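Next come the chains, spelled out residue by residue.
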Amino acid sequence: MSAREEILGRIRTALKDNPEAPQIPRQYRETSGLDEAALIGLLADRLIDYKAQVSVVDAAEVPARIAELLAGARSYVVPAGIDAGWLSGPGHEPGGSRRHLDSTAAPLTVAELDGIDAVVTGSAVAVAETGTIILDGSANQGRRAISLVPDHHICVVKAADIAGILPEALRRIDGTRPLTMISGPSATSDIELERVEGVHGPRKLDVIIAR
Amino acid sequence: MSTFLGMPALPVYGTGNLHASESFPKAAHRELGNAQLRANLGHATRTIRDKRLKMVAELPDWEQLRDAGSAIKESVMARLPELLEQFEENFTARGGVIHWARDAGEANAIVAGLIRDTGETEVVKVKSMATQEIGLNEYLEEQGITAFETDLAELIVQLDHDKPSHILVPAIHKNRTEIRDIFLREMPGADPQLTDDPAVLAMAARSHLRRKFLTAKVAVSGANFALADSGTLAVVESEGNGRMCLTLPETLITVMGVEKLLPTWQDLEVFMQLLPRSSTGERMNPYTSLWTGVTEGDGPQNMHLVLLDNGRSAALADEMGRSALHCIRCSACMNVCPVYERTGGHAYGSTYPGPIGAILSPLMTGIQAEENNSLPYASSLCGACYDACPVKINIPDILVHLRSVDVDSKRGTKKIPSQMDVGMKAASWAFSSGKRLALLEKGLPLGRLAAGPDKKITKLPGIAAGWTQSRDIPAPPSQSFRDWWAKEHRAPDAGSATPSQGGVSENSVSQNKEDQP
Ligand code: SF4
């Protein structure tokens, strides 16, 4: 008998008392009912609690804010499908020699990514209550590696993409995409439970909330 | 009750790091002598406990989430064969390969074979209970394959050739100075000026592992959840080492117990709220990765999953103990357990320590296995673990159930009356007559003699020995309550105790106070 058949057989034998699958009581909250201003406020509060840096700006100010945050970076990477407007205007050199484009068709190597200081991405959905940003690998977020290897992650969250609580957020997501949920920068508490930001993932997380 | 033709006979127990090599009382006694361990643990469990309570209190619907979580897991167990087949179909359809492993040995061999096929001799690992349970690292080493643990705590434990003592913070028994010393001793190229500042130590680990992450071709992980309706796997972590292992290598091998399934994507909304708050006391852990088979151009292109039985079907066959498989390994139960807080994780022997370990290990290995039969007694049955458990596993009830299974399994093998039987008979003989009791109480001063000058009895003979293995009992009073009463009430002039009786009456009077309603 193959291991598969044997294990499934064992499990069926174990369930010979025919236990019934209960109805799932879903009395928990499925929506938060918060308005946009409250969602932005709550998300910003939670992100700051995680030691992420947050700026709340009007959509038109996003490029300027990105340029400001990138000022100290010798190089940065963006997914090929990033909103073009975010990287144009004052402070952004056209084309930019510091700027690297990444896509599944023309991916940077891991070694190349390791030599890059920062990354700019969009996001799919954010959860205000937990300060969580979800990346789903769409064109303006790119491959998972680019938001992981560079040390500084600048992430733009559109106000319209903020959900109040997790169930609302997950219902807006296609679960079969490669997903990364981010709640603050990399952190460890393994040594005497003292929280240290930044072990292996990006040590700095900047979130720009665009109204 | 009919068994289908060709059905395997149950139970088939698990192998690997599930067995204690010594009994809990013995191991606990040794660990109790470690004051450092107790201080670290006390601090750690208190801190996490407080954080957890705060985070749980923030959610108005915590109890509703627990109810949903518990019911979802119950339905997973009831529908396990069907859900496994559904998961397999979806995972395979998206480019993943599934392997089934009956026990630890088979799982290890499958993983080693898969690694060998890649031609690699080094792999990076994400912290995983399942691979710990099967003893994968040790097996790979025998096969000439080096597995690098990448979670900071697992790395500390691995470098020190030690064993994890907590499922969430495996190196909690070590303090910062010990960790610095381990790094200096075991980490190639560690800066000799290394301080014991946690931030400095974390950075040392970062640079130690960076090269490995960037060059590893093969990674091994566990999984926190598997979604049957889509074939999705999920890993929950904090440091980003998980993301590194799950996305940068070419080949990803995941080892997962068959019980980790959730039926639908929607169920994730329940468990991703329950798990982080219960385990680290955070609203959300820093990183969660979810992948559904292979994504072209993004992440590993060879995806393997080893589905592990290793005693889970045996646990499932125990109708009363079955719900132990609902466990999502959050560690909340160990952080509230007064026994765990004092003995630490090593005392439990198995990969799974604390209250959940006390039920899960004997369920998976069988209560007759080696020393695991002492585990169901490693509890005061205070119920704190049940209250804390996000999926409402009734650990105290299962402990009591397993104790009775243990007693039953021993019955019939012993013809001679046990010490307990003899002791109970003697007690009933003594207590049934005042005269007999009075006679026996004359022996009290003897007990005082046994106690010695520190007025503590540290070793009782016979069956009571276990009780004094990790506790001292105060010496008995030199005078029995009956004698004291008789003297006190003899005549008004006898009055109160004379100074010469001072020490004595203190003892017996305080006993009297407690005895009186
Ligand atoms: S038994 Fe419950 S509380 Fe303990 S680790 Fe498992 S899920 Fe958490």
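Note that this is a predicted model, so its numbers are computed, not measured. (Residues numbered from 1 in each chain as written. Chains lettered and ligands numbered in written order. Predicted model: local features only at pLDDT ≥ 70, side-chain atom pairs only at ≥ 80, totals over all residues. Heavy atoms only, no water.)

(A) Region of interest: the overall build of chain B. Secondary structure summary: chain B contains 24 helices and 12 strands in total. A separation of at least 24 residues holds for 74% of the contacts in chain B among residues at least 6 apart in sequence. Carbon and sulfur atoms form 54% of the exposed surface of chain B, whose accessible area is close to 21900 Å². (Helix = DSSP H or I, 4+ residues; strand = E, 2+ residues; numbered from the N terminus. Contact = heavy atoms within 4.5 Å. Areas by Shrake-Rupley, 256 points an atom, 1.4 Å probe, with all protein chains shown as cover.)

(B) Summary view of helix α1 (residues 3–14) of chain A. Compared with the 16 Å implied by 1.5 Å per residue over 12 residues, the 16 Å span of α1 of chain A between its first and last C-alpha is a close match. Within α1 of chain A, 9 of the 12 residues are buried, which leaves the element mostly enclosed by the surrounding structure. Listing the buried residues of α1 of chain A in full gives Ala3, Glu6, Ile7, Leu8, Gly9, Arg10, Ile11, Thr13 and Ala14 of chain A. Tucked into the core, α1 of chain A has its buried residues touching α4 (80–93), β1 (96–101), α5 (104–118), β10 (302–308) and α13 (312–317) of chain B. (Expected span 1.5 Å × (residues − 1). Buried < 20%, exposed > 50% of the residue type's maximum accessible area, 1.4 Å probe, protein only.)

(C) Region of the structure containing the sheet that holds strand β9 (residues 287–291) of chain B. Reading across the sheet, the 8 strands line up as β8(A)-β5(A)-β6(A)-β9(A)-β9(B)-β6(B)-β5(B)-β8(B) and stay open at both edges, with mixed pairing between neighbours. Across the chains shown, the open sheet's two edge strands, defined by having one partner strand only, are β8 (162–163) of chain A together with β8 (261–262) of chain B. Pairing of strand β5 (residues 225–227) of chain B with strand β6 (residues 232–237) of chain B, which is carried by 3 bridges, proceeds in the antiparallel orientation. Opposite Ala226 of chain B, over in β6 of chain B, you have Leu233 of chain B as the bridge partner. (Pairing = 2+ DSSP bridges.)

(D) Inspection of the interface of chain A and chain B at higher detail. Taken together, the 79 residues of chain A in the interface contact 103 residues of chain B. Between chain A and chain B lies a buried interface of about 7900 Å² when both sides are counted; carbon and sulfur atoms form 60% of it. On the chain A side of the contact with chain B, Arg10, Ile191 and His200 of chain A bury the most area, a combined 11% of that side's loss. The interface formed by chain A and chain B contains 38 residue pairs in polar contact (both at pLDDT 80 or more). Elements that contribute at least two residues to the side of chain A that touches chain B include exactly α1, α2 (36–49), α4 (110–114), α5 (166–170), β9 (179–182), β10 (187–188) and β11 (196–197) of chain A. When residues in the side of chain A that touches chain B are grouped by element, the largest group, 11 residues, is from α1 of chain A. Tallied by class, the residues present in the side of chain A that touches chain B amount to 33 nonpolar, 21 polar and 25 charged. Two strands pair when backbone bridges link them, and β9 of chain A and β9 of chain B are joined in this way by 4 bridges, in the antiparallel orientation. Each residue of the ladder has a partner; that of Leu179 of chain A, found in β9 of chain B, is Leu290 of chain B. (Buried area = accessible area lost by both parts, 1.4 Å probe. Polar contact = N/O pair within 3.5 Å; in protein donor to acceptor, adjacent residues only side chain to side chain. Nonpolar A, V, L, I, M, F, W, Y, C, P; charged D, E, K, R; others polar.)

(E) Here's a closer look at the packing of aromatic side chains. Residue and element names in this part refer to chain B. Enumeration according to the criterion identifies 2 aromatic pairs over all chains in this entry. Note on Phe87 and Phe91: the rings are 5.5 Å apart at their centroids and 20° apart in plane angle, and the pair reads as stacked. Linking Phe87 with Phe91, this pair stays in helix α4, spanning 4 residues, or about one helical turn. Relative accessible area serves as the criterion here: at 0%, Phe87 is assigned to the buried category. Taken together, a centroid distance of 5.8 Å and an interplanar angle of 55° make the contact between Phe225 and Phe271 tilted. In this pair, Phe225 is assigned in strand β5 and Phe271 in helix α12 (residues 268–279), connecting sequence segments 46 residues apart. Residue classification places Phe225 among the buried positions, given a relative accessible area of 1%. Residue classification places Phe271 among the buried positions, given a relative accessible area of 0%. Lying across the ring of Phe271, Lys73 places its NZ or CZ 6.0 Å from the centre. (Phe/Tyr/Trp six-rings, centres within 6.5 Å; stacked < 30°, edge-to-face > 60°. Lys NZ or Arg CZ within 6 Å of the ring centre and 35° of its normal.)

(F) Inspection of the confidence of the model for chain B at higher detail. All names here are of chain B. Mean pLDDT over chain B works out to 84, with 81% of the residues at or above the 70 mark. Across residues 494–517, confidence stays below pLDDT 50; counting only partners more than four residues off in sequence or on other chains, it has 20 contacts. Both scores are available for the predicted complex, with the pTM at 0.85 and the ipTM at 0.95. (pLDDT = per-residue confidence, 0-100.)

(G) The site of the ligand, seen in detail. Residues and elements named next belong to chain B. The environment of the ligand is made up of 13 residues, and the closest members are Cys327, Cys330, Ser331, Cys333 and Cys389. One can see that the ligand is located within the largest cavity. The residue makeup of the shell around the ligand, split by class, is 11 nonpolar, 1 polar and 1 charged. (Near = heavy atom within 4 Å. 1 Å grid on protein atoms, 1.4 Å probe; cavity = no way out; pocket = protein on both sides within 12 Å on 5 of 7 lines; lining within 4 Å. Sits in = over half its atoms within 2 Å of the grid points.)

(H) A look at the state of the cysteines. Evaluated as defined, the whole model comprises 0 disulfides over all chains. Residue Cys382 of chain B stays outside any disulfide, its sulfur separated by 6.3 Å from that of Cys385 of chain B, the closest cysteine. (Disulfide = S-S within 2.5 Å.)

(I) Structural detail: the environment of Thr31 of chain A. All names here are of chain A. If you trace the backbone, Thr31 turns up in the loop between α1 and α2. Its relative accessible area of 56% is what places Thr31 among the exposed residues. In sequence terms Thr31 and Ser123 are 92 residues apart; their C-alpha atoms lie 21 Å from each other. Beyond its immediate stretch of four places on either side in the chain, Thr31 contacts Ile165 and Glu168.

(J) Up close: the pattern of salt bridges. In this structure the tally under the stated criterion is 49 salt bridges over all chains. A salt bridge links Asp151 of chain A to Arg206 of chain B; the nearest nitrogen and oxygen atoms lie 3.1 Å apart. Of this pair, Asp151 of chain A sits in the loop between β6 (132–135) and β7 (152–158) while Arg206 of chain B sits in helix α10 (residues 198–215), on two different chains. Of the charged contacts in the structure, one is a salt bridge between Asp160 of chain B and Lys174 of chain B, with a shortest N-O distance of 3.0 Å. On the criterion of sequence distance, the pair formed by Asp160 of chain B in the loop between α8 (152–159) and α9 (176–186) and Lys174 of chain B in the loop between α8 and α9 is long-range, its members being 14 residues apart. Judged by relative accessible area, Lys174 of chain B falls into the buried class, the value being 8%. (Salt bridge = Lys/Arg side-chain N within 4 Å of Asp/Glu carboxyl O.)

(K) Fine view of the sheet that holds strand β2 (residues 76–79) of chain A. Residue and element names in this part refer to chain A. Taken together, 6 strands build an open sheet; the order of strands is β1-β12-β7-β4-β2-β3 and the sheet is parallel. Single-partner strands in this sheet number two, and they are β1 (53–57) and β3 (99–102). When strand polarity is set aside, the average angle formed by the axes of neighbouring strands in this sheet is 20°. Where β7 and strand β12 (residues 204–210) come together, 7 bridges link them in parallel fashion. When the bridges of β12 are listed, Val156 appears paired with Ile208. (Axes fitted to C-alpha atoms, helices over the stretch in contact; angles between N-to-C directions.)

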